[in-house]
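The chain contents come next:
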Amino acid sequence: MTATLEIAPPQSPASVAVRLTDVHKSFGHGPQAVTALEGVDLRVGLGEFVCLLGASGCGKTTLLNLVAGLDEPSAGDVVTHTARPAVMFQEAALLPWLTAARNVELPLRLAGVRRDRRRAKASELLELVRLREVGDKRPHELSGGMRQRVALARALASTLGAADEDAPGLLLMDEPFAALDAITRDVLQAELLRIWRATGTAVLFVTHDVREAVRLGQRVVLLSSRPGRVVQEWPVDGLRGAEELAAVEEINARLREVISTHAAA
Amino acid sequence: MPRPDLVNEPGAPTGGGRDPGLAAVEAGLDALDAPAPASQGRRGWRRTLSAALPPLLALVAFVAVWQALWASALWPEYKLPAPLAVWNVVWEAFREGEALGILWTSVHRAVIGFLVAVVVATPFGLLVARVRPVRSAIGPLVTGLQSLPSVAWVPAAVLWFGLNDAAIYFVVLLGAVPSITNGLVAGIEQIPPILPRVGAALGANRWESARHILLPAALPGYLAGLKQGWAFSWRSLMAAELIAVSPQLGLGLGAFLQHGQALSDMTQVIAAILLILLVGIGVELLAFRPVERRVLRARGLVGVL
């Protein structure tokens, strides 16, 4: 766990956004069963930015699905102390028949928010991702980076704009920038950091890119593959320059080590 | 909301000391990467003209060939009448008001049959698409029914219901329902699997997911099914009217065609065929095409429509 000592008791909902305790998840039954996660313990503090790192098959997506409530763990506990977690996928997955603004409004609509409140909230969130002017465009009229920002605004709407407005937010991101070109990815990473600071939402960010994880996260958690377990974690908050490079090197070395153990098996 | 660039990440690889700022870079990227807006093309009457001209030319060419074949007198008049003779039959029928009655009889039957088919096929399609046992049980049957010519149902319908409207509607329904059902099922199948997941992640329950995600996402396939369903309604109706002829059934286009055959009147036969075609094309152009075009355009799926 983190090195910092907490004043509040560890179970206190006041400081924890998500806590996973000894979470197991397997798919299928009998001899064909596949264990995706085995005894994962993880804690994300309120407003904390945690990057989950791992090679393919480490159950990153499974873990996010459990936190999002899209799936149930086979054993163990997943406890969230936030508003409904928002999920962002690798694809923007905007609804092609709705305008950008309507896409952002959709989670508010599902939460039963009144129309004028919805409109106001959606344009506020589009403003946050600097896309206010394109609210009435359809997804096919936007670039990949713009679509992904609309998806971010929509995800924020589902965690920050719903009924329990004062509850802290939790944003789950499943390799959201992996499909973008390098320039756009770089800009969106900066954008995400800005929005994270502006909103104070907690972020659980899944990636297989060590540099991205170190740049964005306050903490990097490395998962092993098949089955997924927490191998090690590093505090990387505020690292710059040489320190940042050193952290990337170190985490990369450990990641390679973890991957190479699979060759023997 | 705090607009100023609170992020000029010192670690961000933007290079050099002259960082233009995140907002500016982003605005630049948006301008460069956003797809160019589709050109609107010509508007108004020019567009209508350029769309209508090629089919009109084809029609003129067709009539010209017909006229030439007739003039060459290769076939006797009762086998190949002159275009003008056919036109006169159609014109007469319209002038005497007979044609409108015939068209009304057939078209209102087809429309009612089609609407009933939509009401039946839509929940049925949802059921087949979303409930696995239903799908494995009757999915293949529905597809099979689509390839069964609905004219095959006419004898059964006449024996079951007698020579009346019920028999005709029965045939029309059996023609249209499988098409519409299949269209809806195909439309739902083609939904990218990420969309229902998004719905769940945004907090949609089963009903909301159907209402806000599944049905709109399936709309293009559903529309294609409706279009085909209409075509099948119309054909089935013609088949039924052609075979089941009776004074109680009134004079529809199919019966008009059948009379032409009974009287060995080739001009009336061809006139009837042209009218049947005219209704089919008219409904397609006036009802389905605009709706389909609008739906596809809104999704950026502008084809060659």
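Residues numbered from 1 in each chain as written. Chains lettered and ligands numbered in written order. Predicted model: local features only at pLDDT ≥ 70, side-chain atom pairs only at ≥ 80, totals over all residues. Heavy atoms only, no water.

Participant: With reference to specific residues and values, describe the packing of helix α4 (residues 98-130) of chain B against helix α7 (residues 165-189) of chain B.
Facilitator: Any two packed helices are characterised by the angle at which their axes cross and by the distance between the axes. Residues and elements named next belong to chain B. At a minimum axis separation of 6 Å, α4 and α7 run at an interaxial angle of 40°. With respect to α7, the element α4 is oriented oblique. Helix-helix and strand crossings are classified by hand; for α4 and α7 the assignment is right-handed. (Axes fitted to C-alpha atoms, helices over the stretch in contact; angles between N-to-C directions. Helix = DSSP H or I, 4+ residues; strand = E, 2+ residues; numbered from the N terminus. Parallel < 35°, antiparallel > 145°, perpendicular 65-115°, else oblique. Left-handed = near helix turned anticlockwise from the far one by under 90°.)

Participant: Quick rundown of the UniProt feature "transmembrane region" (unreviewed entry) in chain B? Include the residues and the values.
Facilitator: Residue and element names in this part refer to chain B. Under the present numbering, the feature "transmembrane region" (unreviewed entry) in UniProt falls on residues 52-75, 110-129, 141-161, 167-188, 237-257 and 269-288. Within the segment residues 52-75, helix and strand shares are 83% and 0% respectively, and the terminal C-alpha atoms sit 33 Å apart. Overall, residues 237-257 shows 57% helix and 0% strand. The separation of its end C-alpha atoms is 13 Å. (UniProt positions renumbered as here; feature names shortened; annotations may be inferred.)

Participant: Any details on the domain arrangement of chain A? Residues and values, ideally.
Facilitator: Residue and element names in this part refer to chain A. In terms of domain boundaries, chain A breaks down into domain 1 (17-82 + 172-182 + 193-264) and domain 2 (95-167). Distance from the C-alpha centre of domain 1 to the C-alpha centre of domain 2: 27 Å. Summed over the three residues of domain 1 that lose the most area to domain 2, namely Leu-180, Arg-194 and Ile-195, the buried surface amounts to 52% of that side. Linking domain 1 with domain 2 are 0 salt bridges. At the boundary of domain 1 with domain 2, the tally comes to 2 residue pairs in polar contact (both at pLDDT 80 or more). (Domains from an automatic or database assignment. Buried area = accessible area lost by both parts, 1.4 Å probe. Salt bridge = Lys/Arg side-chain N within 4 Å of Asp/Glu carboxyl O. Polar contact = N/O pair within 3.5 Å; in protein donor to acceptor, adjacent residues only side chain to side chain.)

Participant: Can you break down the interface of chain A and chain B residue by residue, with the values?
Facilitator: Each partner contributes residues to the interface: chain A has 45 residues there, and chain B has 40 residues. The three residues of chain A that bury the most area against chain B are Trp97(A), Leu110(A) and Arg130(A), which together make up 20% of that side's buried surface. Between the two partners, chain A and chain B, sit 0 salt bridges. One can count 2 residue pairs in polar contact (both at pLDDT 80 or more) joining chain A with chain B. Mapped by element, the contributors of at least two residues to the side of chain A that touches chain B are α1 (60-68), α2 (100-110), α3 (115-128), α4 (144-160) and α5 (182-199) of chain A. With 10 residues, α5(A) is the largest single contributor of residues to the side of chain A that touches chain B. Along the lines of polarity and charge, the residues of the side of chain A that touches chain B split into 22 nonpolar, 6 polar and 17 charged. (Contact = heavy atoms within 4.5 Å. Nonpolar A, V, L, I, M, F, W, Y, C, P; charged D, E, K, R; others polar.)

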